[in-house]
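Each chain, written out:
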Amino acid sequence: MEELNWLVSCVKKVFDTLEQPVTMVDRDGHFIYYNQASARMDGTDPESILGKHVLEVCPWLSAEESSLLRCIAEAAQFTDQYQAYIGSAGLRMHYMHSSMPLFGKNSNIIGAIEIGRSLKEKPFSDVANDLPDIITEDPEMNRQIRAVDIYGASELPLLIYGETGTGKELFARRAHAISSRNRHPMICLNCAAIPETLLESTLFGTKRGAYTGAENHKGLLALADNGTLFLDELNSMSVELQSKLLRVLQDGSYRPLGSHRDQKTNFRLIAAINELPSDAIEKGKLREDLYYRIAVGLIAIPPLRQRACDIAAIARRFTVKYGPELNPSITCLGDSAVQHLEAHDWPGNVRELENVIRRSLLLSEGNTTLINIEMITNSPTKQTATKEMTRLNKQSSLKEHLSEYETSLIQNTLQRV
């Protein structure tokens, strides 16, 4: 053990600076070194790992699957070993590592070392197992996930309802990944992000001469052929264009702008709206016949305020995800920060939580644990904003501005006296 401690003391300062995860265990499989990169990847405090056994820290492993333990048991070296697991932050980790035993001066094994790197994705394609992860412990959310898995495996249209920021596109991508069309593209369009005058040509495509400057251009209906078309915020599309979309769904044909011939397309539609379907229909923002056509599979995503049990896990996931980029010294989320987050009602849902974590990471100083949460609530009041706009819009000469500035200086001086 003395030799191993001496070795750790020699290499610690070097390994602490590396962006690659490095861990060391003694001959019994207990961690004696765990660098910042390893802690950041796993979303934990490095000091809390020291002294624990490999299988205690990594309960998803068996002794036969752990490269570190096999190094000790077999005196063997392992190179570029791939592992996939769910980290403590609930994030699916893709990890490539190499391990080797450490020998003492008497050629006896005194421990093992592992050096790895985190991967953004699998080093090989496996579409069937590449489902987007949706973190939740909420019973209703789990029910909706089971429903999207059932609907996703079919060819039926799918309608997803959820408030802004709840993760509707994540559900759509999960449905596409499960479907038989997963080898073909999923084409996404936010209907609210494109002017109404361009939305029809974006969907249906154009032929040269359809209007001034028009060229032959494939629309999204053609690009999504044999794949999936995801239309987000469908309730922002005009009802006139919705009627044309309904025709495409009925017979699989459409006509590009400026063309005199119908074209065929074969795509699976997934649509999303950010208000209750009944409200959208009542307000004239969603055609009732289109709703009954696409709501064969209906998913309703609960807002984050209704599943407070998920806030901590999602926040830890974002801490692990954005920590290396925004604040590499932070490896985990503190308990006080979790309490602060759970007290908020999250009107912006998961998207708001994501940006709060990013903001907090950026502004945090001097800790390995994220403690202080910087909420996005410091927006100016309507009265303050109106006053400021009035001041900026006021047409004043340079002489008047200088006079106002001189007056304020005099007033400030008199107040101090």
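As shown above, the structure is provided for reference.
Residues numbered from 1 in each chain as written. Predicted model: local features only at pLDDT ≥ 70, side-chain atom pairs only at ≥ 80, totals over all residues. Heavy atoms only, no water.

A. Broad picture of the packing of aromatic side chains. Under the criterion given, the structure shown has five aromatic pairs. Between Phe31 and Tyr34 the ring centres are 5.5 Å apart and the planes differ by 85°, which places this aromatic pair in the edge-to-face class. When sorted by exposure, Phe31 lands in the same class as Tyr34, which is buried. The residue whose ring lies beneath Arg358 is Tyr322, and the NZ or CZ to ring-centre distance is 5.0 Å. (Phe/Tyr/Trp six-rings, centres within 6.5 Å; stacked < 30°, edge-to-face > 60°. Buried < 20%, exposed > 50% of the residue type's maximum accessible area, 1.4 Å probe, protein only. Lys NZ or Arg CZ within 6 Å of the ring centre and 35° of its normal.)

B. Highlighting the sheet that holds strand β11 (residues 268–273). On the basis of which strands lie adjacent, the open sheet formed by five strands has the order β7-β8-β11-β6-β12 and parallel pairing. Both edges of this open sheet fall to β7 (186–190) and β12 (297–300), since each of them pairs with a single strand only. Between one strand axis and the next, the sheet turns by 15° as a mean value, whatever way the strands run. (Pairing = 2+ DSSP bridges. Helix = DSSP H or I, 4+ residues; strand = E, 2+ residues; numbered from the N terminus. Axes fitted to C-alpha atoms, helices over the stretch in contact; angles between N-to-C directions.)

C. Representation of the pattern of salt bridges. Throughout the structure, instances matching the rule amount to 15 salt bridges. Of the charged contacts in the structure, one is a salt bridge between Arg181 and Glu155, with a shortest N-O distance of 2.6 Å. Placement of the pair is Arg181 in the loop between α7 (168–178) and β7 and Glu155 in the loop between α6 (139–152) and β6 (158–161), with a sequence separation of 26 residues. Take Arg181: its relative accessible area is 7%, and that puts it in the buried class. Given the relative accessible area of 41%, Glu155 is considered partly exposed. For Arg307, the salt bridge is made with Asp310, and the minimal N-O distance between the two is 3.1 Å. (Salt bridge = Lys/Arg side-chain N within 4 Å of Asp/Glu carboxyl O.)

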